[in-house]
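Chain and residue survey
Here are the chains, one letter per residue:
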Amino acid sequence: MRVIRVGSNQRYSDLSAECGEGAGGFLLLIIKTAASIQADGIEYGIRPNTLLILRKNNGTFPFSGKDEFICDWIRFDMTEAEAISAAALHLPFGYPAALSDSAAAASIIRLIAVETLIPTAHSIEFAESMMQALFLKLSATILPDETIQNGGLSASPYSARLTELRNKIYATPEEHWTIERMCREMNISRTHLHRLYAETFGVTCYNDVLNSKMEHAKHLLSNSSLPIHEISERCAFDNDVSFMRCFKKATGMTPTQYRSKSSCKV
């Protein structure tokens, strides 16, 4: 599978720039916030943690969003043999499907995004292998239709609320998401929250909040000319030094270096 473009935790009111005339390939979306969209002439009310894969159609994708929403996306192409393999995984093409957990898939998309932003000698092979891993992970986390109709997640009484909390964290990275606030949102103890969160998403509360800030920072660095200190404030860091230290630890680059790399790819 050939990766054409990638977007991680991006905000849109529509995707015309990504899906317009001549875009080519397929478009895979993991939508993280509620949205109302049109796909193939059918209007859908989309809930958070929804997968949508749109088929190529003469270079165009009939897609429009009604409100701003946050999503991960990959525009890609594949051979007929690869398409047959994807179909065997029962992936939904042309219609939305709810996911029990989008965290692992989002992590894979972030890896692909980093690899395409800073290409190496094996970037193409890496992206292809990651796409296969992404398809396998999505296939394993698609909720059956009857589960969707009955209101979503049912594995744990906290699953839906945890997913809602996580989506809220990623949708508002500029806010101060402390453990105390998260406990109040869930109405559970610190110990219970830490255990449930790690079991559900495979990451600690602290690290996930930090990930949301890093994704927002990368988006602002790549798509705006805001000064570093303002980006630090918009990501709810106490000071620039703390922001730059965390950013370099997460990406291996300073914010300025990341912005420079992003500009080179445009």
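Above: the structure in question.
Report follows, based on the coordinates.

Rules used in this analysis
- Residues numbered from 1 in each chain as written.
- Predicted model: local features only at pLDDT ≥ 70, side-chain atom pairs only at ≥ 80, totals over all residues.
- Heavy atoms only, no water.
- Phe/Tyr/Trp six-rings, centres within 6.5 Å; stacked < 30°, edge-to-face > 60°.
- Lys NZ or Arg CZ within 6 Å of the ring centre and 35° of its normal.
- Helix = DSSP H or I, 4+ residues; strand = E, 2+ residues; numbered from the N terminus.
- Expected span 1.5 Å × (residues − 1).
- Buried < 20%, exposed > 50% of the residue type's maximum accessible area, 1.4 Å probe, protein only.
- Salt bridge = Lys/Arg side-chain N within 4 Å of Asp/Glu carboxyl O.
- Core = buried A, V, L, I, M, F, W, Y, C linked by side-chain atoms within 4.5 Å.
- Contact = heavy atoms within 4.5 Å.

Next up on the list: the packing of aromatic side chains. The geometry of an aromatic ring pair comes down to the distance between the two centres and the angle between the two planes. Applying the stated rule across the entire model yields five aromatic pairs. Here the aromatic cluster, defined as three or more aromatic residues joined through ring pairs, consists of Phe237, Phe243, Phe247 and Tyr258. Directly above the aromatic system of Trp177 lies the positively charged group of Arg181, at a separation of 3.6 Å from the ring centroid.

The first and last C-alpha atoms of helix H3 (residues 103–117) sit 21 Å apart over 15 residues, in line with the 21 Å expected at 1.5 Å per residue. Turning to H3, its buried residues number three or more, namely Ala103, Ala105, Ala106, Ile108, Ile109, Arg110, Ile112, Ala113, Glu115 and Leu117.

Right, let's get into unusual backbone geometry. A positive phi angle, near 55 degrees, is found at Asn9, a position not held by glycine. Mapped onto the elements of the fold, Asn9 is located in strand E1 (residues 2–12). Taking relative accessible area as the criterion, Asn9 reaches 6% and is therefore assigned buried. Although it is not a glycine, Asn49 sits at a positive phi angle of roughly 65 degrees. Its place among the elements puts Asn49 in the loop between strand E4 (42–46) and strand E5 (50–54).

Applying the stated criterion across every chain, the model contains eight salt bridges. In this structure, Glu215 and Arg110 form a salt bridge, with 3.5 Å as the shortest nitrogen-oxygen distance. Residue Glu215 is found in helix H9 (residues 205–223), and its partner Arg110 is found in helix H3; the two are separated by 105 residues along the sequence. Neither residue differs from the other here; Glu215 and Arg110 are each classed as buried. Shared partners join several salt bridges into a network, and the residues in it are Arg110, Glu215 and Lys218.

By size, the foremost hydrophobic cluster in this structure holds 26 residues, and its most contacted members are Leu28, Ile74, Phe76, Met131, Leu134, Phe135 and Leu138. Mapped onto this core, the elements with two or more residues apiece are E1, strand E2 (26–31), E5, strand E7 (69–77), H3 and helix H4 (123–141). Top contributing element to this core by residue count: H4, with six residues. Residues contacting Ile74, with those up to four places away along its chain left out, are Val3, Arg5, Val6, Phe26, Leu27, Leu28, Ile109, Ile112, Met131 and Leu134.

None of this, on its own, says anything about what the molecule does.
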